[in-house]
Amino acid sequence: VQLVESGGGLVQAGGSLRLSCVASGLVFGTYNMAWFRQTPGKDREFVAAISPSAYLRDYADSKKGRFTISRDNGKETVYLQINSLEPEDTAVYLCHANPSYQPSIRGSGGYWGQGTQVTVSS
């Protein structure tokens, strides 16, 4: 299984980014997908999750409104749209695939990508 994230970069505060994660080696349409983020010295933080059919979507409370998760099963890709970026959003954003929905929110088991760096300047 491979999860390859892209779309990160250096952006000014107030800007937007769309992160992508392309999956291979699994039946994408049967997996719950999630985004997490991590900064040095801190635990991995849940951002958003989406069920295989996109019927269920969950966001960390602090992420509601500026973050939108979506998926394209035909392209085996999950996206994370981030608007009104803030310096506090600076982190490595990681893609997670899990056969079960609640564990995808906890980030337990499943598969991980290597991450894409997002840096927001003030």
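Residues numbered from 1 in each chain as written. Predicted model: local features only at pLDDT ≥ 70, side-chain atom pairs only at ≥ 80, totals over all residues. Heavy atoms only, no water.

A. Focus on the pattern of salt bridges. A full pass over the atoms with the stated rule returns four salt bridges. Note that R37 and D89 form a salt bridge whose closest N and O atoms lie 3.0 Å from each other. Of this pair, R37 sits in strand β4 (residues 32–38) while D89 sits in the loop between β8 (77–82) and β9 (91–98), placing them 52 residues apart in sequence. On the accessibility criterion, D89 (1% relative accessible area) is buried. Where R66 meets E86, a salt bridge forms, and the shortest distance between an N and an O atom there is 3.7 Å. With R66 in the loop between β6 (57–59) and β7 (67–72) and E86 in the loop between β8 and β9, this pair connects stretches of sequence that are 20 residues apart. (Salt bridge = Lys/Arg side-chain N within 4 Å of Asp/Glu carboxyl O. Helix = DSSP H or I, 4+ residues; strand = E, 2+ residues; numbered from the N terminus. Buried < 20%, exposed > 50% of the residue type's maximum accessible area, 1.4 Å probe, protein only.)

B. The state of the cysteines, seen in detail. Per the counting criterion, the structure on display carries one disulfide. The residue that forms a disulfide with C21 is C95, at a sulfur-sulfur distance of 2.1 Å. As the torsion about the S-S bond is roughly -80°, the C21-C95 disulfide counts as left-handed. Of this pair, C21 sits in strand β3 (residues 17–24) while C95 is found in strand β9, placing the two residues 74 residues apart along the sequence. Judged by relative accessible area, C21 falls into the buried class, the value being 0%. For C95, a relative accessible area of 0% gives the class buried. (Disulfide = S-S within 2.5 Å.)

C. Up close: unusual backbone geometry. The phi dihedral of E76 is positive, around 50°, even though this residue is not glycine. In this structure E76 comes out as partly exposed when scored by relative accessible area, which is 32%. The backbone phi angle of S84 is positive, close to 45°, even though this residue is not glycine. Along the polypeptide, S84 turns up in the loop between β8 and β9.

D. Quick look at the packing of aromatic side chains. Applying the stated criterion across every chain, the model contains three aromatic pairs. Taking 6.3 Å as the distance between ring centres and 45° as the angle between the ring planes, the aromatic pair formed by Y31 and Y111 counts as tilted. With Y31 in the loop between β3 and β4 and Y111 in strand β10 (residues 111–112), this residue pair connects regions lying 80 residues apart in the sequence. Pairing F36 with W112 gives two aromatic rings, centres 5.0 Å apart and planes at 65°, and the pair type is edge-to-face. Of this pair, F36 sits in strand β4 while W112 sits in strand β10, and the two are 76 residues apart along the sequence. Residue class for F36 comes out buried when judged on its relative accessible area of 3%. Through a chain of ring-to-ring contacts, three or more aromatic side chains come together here, namely F36, F46 and W112. Stacked on the ring of Y79, the Lys or Arg R18 has its end atom at 4.1 Å from the ring centre. Between R71 and the ring centre of F28, over which it is positioned, the NZ or CZ distance is 4.5 Å. (Phe/Tyr/Trp six-rings, centres within 6.5 Å; stacked < 30°, edge-to-face > 60°. Lys NZ or Arg CZ within 6 Å of the ring centre and 35° of its normal.)

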